[in-house]
Amino acid sequence: MTHGTDGIDSITTYGTFGNGGGRGGAEPEPQYILKMFGEVVKTFRKRARLTQEQFAPLVGYSLETVASIEQGRRLPPPDFAERADSLLDAFGVILAAAKHLTRRKGLASWFRQWAQLELGALSLYTYECRLIPGLLQTPAYARTLFTDQLPPLGDEQIEAQLAARLERQQLLRSRPNTAFSFILEEHLFLRDLGGDEVTRELIGHILDLSELRNVDIQIMPLVRHHHAGLHGPMQLLETQDHQWFGYLEGQEHGQFVSDLKVLSALQMRCANMRSQALSLDDSESLMRRMRGAR
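Small disclaimer: the values here were computed from a predicted structure and weren't measured.

K.L.:
Whenever I open this one, the packing of helix H7 (residues 139-148) against helix H8 (residues 155-168) confuses me. Can you help?
P.N.:
If you want to describe how two helices pack, look at the angle between their axes and the distance between the axes. The contact between H7 and H8 brings their axes to 10 Å, and the two run at 140 degrees. As H7 runs across H8, the sense of the crossing is right-handed. Taken together, the residues of H8 that come into contact with H7 (itself represented by Pro 139, Ala 142, Arg 143, Leu 145, Phe 146 and Thr 147) are Ile 158, Glu 159, Gln 161, Leu 162, Arg 165 and Leu 166. Classifying every residue of the contact of H7 with H8 by side-chain character gives seven nonpolar, two polar and three charged.

Set out below in structure tokens:
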């Protein structure tokens, strides 16, 4: 398990979405593949006599996103290659190059499909009862998780996974039109993972993120007589074309969910938990009290 919903060791596909299997948790993404793809895009952009500033609105993404793709620093969003190939009249070369971008550094091979969907999601709902989700973690908290992992990880593996986590966290700020909703159990903060200083920094970081207009964070109180999340952690995602997918993570396996019946049950549970958790204001007040108590 790579701690924090960034992929674990094996996958079961629940429905029709995703590819089965493999033991891919430590497979790295060769950086040159991303850089090569970026160079292909840049070459055809220059051939079309477009600057990055001109190209970005035409392809439908920010200047920062285009620059990051051309520099080989990020995976392109799902529809970027198709748009760019058509816009730049690239003879299918950009689309062909994109087929090799199936691996992402520091992420389990099967989790990369979910990570790819995240890049273009309209909304993402997360409930966690085991640890703070990867999108909300501080570097110190994430490093504690990776260092404590069993079987132990090597230094290079830890650094690769930490880099992937920090890159993924850019979604919260680079996707201002994506609605992120998190429900976190109160005991996740009381566990004091990493010690007082790490936990205090973590709470402050989450409070800062809660100020973003597209991020909602609710706390499920320690005592709750009725709880719709007893089946365990889950994520729900809505795509640009309003399709829904789910992701469930266990200790030694993960499940992508596309089955409509299962998704309906997950959405029902999520809706109930949002009403059972503390309000946004009360959640913020509780986090401030927990931080002040340290």
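From this point, the narrative continues.
K.L.:
Explain the environment of Phe 91 to me, please; I cannot follow it from the model alone.
P.N.:
Relative to the assigned elements, Phe 91 resides in the loop between helix H4 (80-87) and helix H5 (93-98). Take Phe 91: its relative accessible area is 61%, and that puts it in the exposed class. Not counting the four nearest positions on each side in its chain, Phe 91 is found in contact with Phe 44, Arg 47 and Asp 85.

K.L.:
Hey, could you run me through the pattern of salt bridges in this one?
P.N.:
Between side chains of opposite charge, a pair can form as their charged atoms come close. Applying the stated criterion across every chain yields a total of 10 salt bridges. With a shortest N-O distance of 3.1 Å, Arg 130 and Glu 249 are connected by a salt bridge. Note that Arg 130 is positioned in the loop between strand S2 (123-128) and H7 and Glu 249 in strand S6 (residues 244-249), a separation of 119 residues in sequence. In this structure Glu 249 comes out as buried when scored by relative accessible area, which is 8%. Within this structure, Glu 128, Arg 130 and Glu 249 form a network of salt bridges that share partners.

K.L.:
So what exactly am I meant to see when it comes to the environment of Ile 158 here?
P.N.:
Note that Ile 158 resides in helix H8. The exposure class assigned to Ile 158 is buried, which follows from its relative accessible area of 9%. Note: C-alpha distance between Ile 158 and Ala 142 (16 residues apart in sequence) is 9.5 Å. In this structure, Ile 158 is in contact with Arg 143, Phe 146, Thr 147 and Leu 153, ignoring residues within four places of it in sequence.

K.L.:
Any chance you could explain the confidence of the model for the chain here in plain terms?
P.N.:
Atomic detail in the predicted coordinates should be set aside for any region of low pLDDT. Summary statistics for the chain give a mean pLDDT of 86 and a share of 85% for residues scoring 70 or more. In the model, residues 7-30 has pLDDT below 50 throughout and makes 85 contacts with residues more than four positions away in sequence or in other chains.

K.L.:
Would you mind going over the packing of aromatic side chains with me for this structure?
P.N.:
In this description, a pair of aromatic rings is defined by centroid distance and the angle of the planes. One pass over the structure, following the stated rule, counts five aromatic pairs. Look at Phe 55 and Phe 80: their rings are 6.3 Å apart centre to centre, the planes differ by 80 degrees, and that puts the pair in the edge-to-face class. Taken together, the residues Phe 55 in helix H2 (residues 52-59) and Phe 80 in helix H4 connect sequence positions 25 residues apart. Members of the aromatic cluster, each reached through a chain of ring pairs, are Phe 55, Tyr 61 and Phe 80.

Conventions used here
Residues numbered from 1 in each chain as written. Predicted model: local features only at pLDDT ≥ 70, side-chain atom pairs only at ≥ 80, totals over all residues. Heavy atoms only, no water. Axes fitted to C-alpha atoms, helices over the stretch in contact; angles between N-to-C directions. Helix = DSSP H or I, 4+ residues; strand = E, 2+ residues; numbered from the N terminus. Left-handed = near helix turned anticlockwise from the far one by under 90°. Contact = heavy atoms within 4.5 Å. Nonpolar A, V, L, I, M, F, W, Y, C, P; charged D, E, K, R; others polar. Buried < 20%, exposed > 50% of the residue type's maximum accessible area, 1.4 Å probe, protein only. Salt bridge = Lys/Arg side-chain N within 4 Å of Asp/Glu carboxyl O. pLDDT = per-residue confidence, 0-100. Phe/Tyr/Trp six-rings, centres within 6.5 Å; stacked < 30°, edge-to-face > 60°.

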